[in-house]
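A look at the structure
Here are the chains, one letter per residue:
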Amino acid sequence: LNERFRRAKAPLTYHNGFIQLAVDQQIETNIAKPFWDLVAHPLWKNVDIDMKEALDRRDSNDKDPAIFAAKALESAIKIVSDTKGWTRGTENGAAQFVDNLISKANGSYLTVWEGEMLKDYFRRVRNSVGHGPGSEPMPELTLPQTDWAIETAMSWVRTLVRRM
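Positions within a chain are numbered from 1, following the residues in the order the chain's sequence is written. Where totals are concerned, whole chains, interfaces and linings use all residues; where local detail is concerned, this predicted model gives features only for residues with pLDDT of at least 70, and gives and counts side-chain atom pairs only at 80 or more. Excluded from the side-chain calculation are hydrogens and water; included are all heavy atoms of the structure.

Some details on the overall build of the chain
How we decide: The way it works is that DSSP assigns letters per residue, a run of H or I at least four long becomes a helix, a run of E at least two long becomes a strand, and they are numbered from the N terminus. Using C-alpha atoms as the atom set, the radius of gyration is obtained and then compared with a globule rule of 2.2 Å times the number of residues to the power 0.38. Each residue's exposure class comes from its accessible area (1.4 Å probe, protein chains only) as a fraction of the maximum for that residue type: buried when under 20%, exposed when over 50%, partly exposed otherwise. We call two residues in contact whenever any of their non-hydrogen atoms come within 4.5 Å of each other. Residue-level accessible areas treat just the shown protein chains as cover; the underlying method is Shrake-Rupley with a 1.4 Å probe. For this count, His and the chain ends are skipped, Lys and Arg are scored as positive, and Asp and Glu as negative. Charge coordinates come from a single atom per side chain, which is NZ of Lys, CZ of Arg, CG of Asp or CD of Glu.
Summing up its helical and strand segments, the chain has seven helices and two strands in all. Scanning the chain from its N terminus toward the C terminus, one meets helices and strands in the order α-β-β-α-α-α-α-α-α. Scaling as 2.2 N^0.38, a compact globule of 164 residues should have a C-alpha radius of gyration of about 15 Å, and the chain matches this with 16 Å. By its C-alpha atoms, the chain is 50 × 45 × 25 Å across when sized along the principal axes. Out of the 164 residues belonging to the chain, those deemed buried represent 41%. At a minimum sequence separation of 6, the contacts of the chain that also span at least 24 residues come to 53%. About 9300 Å² of surface is accessible on the chain, with carbon and sulfur atoms providing 53% of the total. Charge separation in the chain, taken as the distance between the mean sites of 22 positive and 22 negative side-chain charges, equals 5 Å.

Okay, here's the thing in structure tokens:
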């Protein structure tokens with residue numbers, strides 16, 4: 001099906017039961033396809049579900065698709081932490097699960113700088129659009145920013161899974 005879409009120059013792709021927009025063949029080949037191949041395993045079911053929701057919301061111009069990409073990434077981080085036996089049960093946010101991955105006691109699954117980049121993703125993407133802004137203007141990502149947030153989450157999930 002994907003080969004037929006490509007030959008017809010249709011900007012579509014099929015992954016794990018869903019047809020979605022695919023406007024950048026480089027991203028599709030190097031990020032999306034490897035991501036979908038890895039999360040097809042049942043262990044990653046929640047990652048798959050949230051990323052499909054992110055893409056469906058992006059493609060239909062619905063509200064906050066980047067939040068669902070961040071949820072998919074957070075689920076992947078939690079699954080790695082759980083699978084490796086590093087989850088203590090006292091974590092109360094993505095940052096503390098990232099700490100499990102960078103801990104020297106856990107073998108430094110991620111380096112400190114990688115952990116800081118992940119934490120910054122949650123600070124800048126998920127927290128900024130996922131929390132009420134109070135009297136400030138409602139935060140909203142542009143389409144290129146949304147694409148970046150989704151593609152970055154996919155790339156991070158891919159690298160986390162490959163390291164297992």
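Now that the structure has been shown, we can carry on.
Section: unusual backbone geometry
Look at D64: it is not a glycine, yet its phi comes out positive at around 55°. Locating D64 in the fold gives a position in the loop between α3 (45–59) and α4 (65–83). Although it is not a glycine, S108 adopts a positive phi angle of roughly 50°. As for its placement among the helices and strands, S108 is situated in the loop between α5 (94–102) and α6 (112–130).

Quick look at a nonpolar patch on the surface
Applicable threshold: The patches described consist of residues with a relative accessible area above 30% and no salt bridge, like charges being joined within 9 Å and nonpolar side chains (Val, Leu, Ile, Met, Phe, Trp, Tyr) within 5 Å. Salt bridge, as used here, is a side-chain nitrogen of Lys or Arg placed within 4 Å of a carboxyl oxygen of Asp or Glu.
Taken together, L1, L12, Y14, I19 and L21 make up a surface patch of nonpolar side chains, about 440 Å² in accessible area. Elements with a minimum of two residues in the nonpolar patch: β1 (12–15) and β2 (18–21). Residue L12 is classed as partly exposed on the basis of its relative accessible area of 31%.

Overview of the side chain of R158
Note the threshold: Two N or O atoms count as a polar contact when they lie within 3.5 Å, although within protein this holds only if one can serve as hydrogen donor and the other as acceptor, and sequence-adjacent residues are included solely when both atoms are side-chain atoms.
Along the chain, R158 turns up in helix α7 (residues 143–162). This buried residue, R158, is left without a salt bridge; D37 holds the nearest opposite charge, at 9.9 Å. A distance of 2.3 Å separates a polar side-chain atom of R158 from the backbone oxygen of N30. The residues contacting R158, other than those within four sequence positions of it, are N30, I31, P34, F35 and L38.

What about α7?
Short version of the rule: Residue count minus one, scaled by 1.5 Å, sets the expected span of a helix.
Compared with the 28 Å implied by 1.5 Å per residue over 20 residues, the 28 Å span of α7 between its first and last C-alpha is a close match. For α7, every residue scored as buried is listed here: T146, D147, A149, I150, T152, A153, M154, W156, V157, R158, L160 and V161.

Considerations on the packing of aromatic side chains
Where two aromatic rings form a pair, the distance of their centres and the angle of their planes describe that pair. This is how the line gets drawn: Classification of ring pairs rests on two measures: the distance between centres of Phe, Tyr or Trp rings, Trp counted by its six-membered ring, which must be within 6.5 Å, and the angle between planes, read as stacked under 30 degrees, edge-to-face over 60 and tilted in between.
Considering all chains together, one arrives at four aromatic pairs under this definition. Seen in terms of ring centroids, Y121 and F122 are 5.7 Å apart; in terms of plane orientation they differ by 90°. Their pairing is edge-to-face. Y121 gets classed as buried once you look at its relative accessible area, which sits at 3%. A relative accessible area of 3% means that F122 is categorised as buried. Considering the side-chain rings of Y121 and W148, the 6.0 Å spacing of their centres and the 40° angle between planes classify their relative orientation as tilted. Residue Y121 is found in helix α6, and its partner W148 is found in helix α7; the two are separated by 27 residues along the sequence. When its relative accessible area of 47% is taken as the criterion, W148 is described as partly exposed. Grouping aromatic residues by their ring pairs yields a cluster made of Y121, F122 and W148.

Some points on the environment of E116
As for its position among the elements, E116 is in helix α6. C-alpha of E116 to C-alpha of L21: the two residues are 95 residues apart in sequence and 31 Å apart in space.

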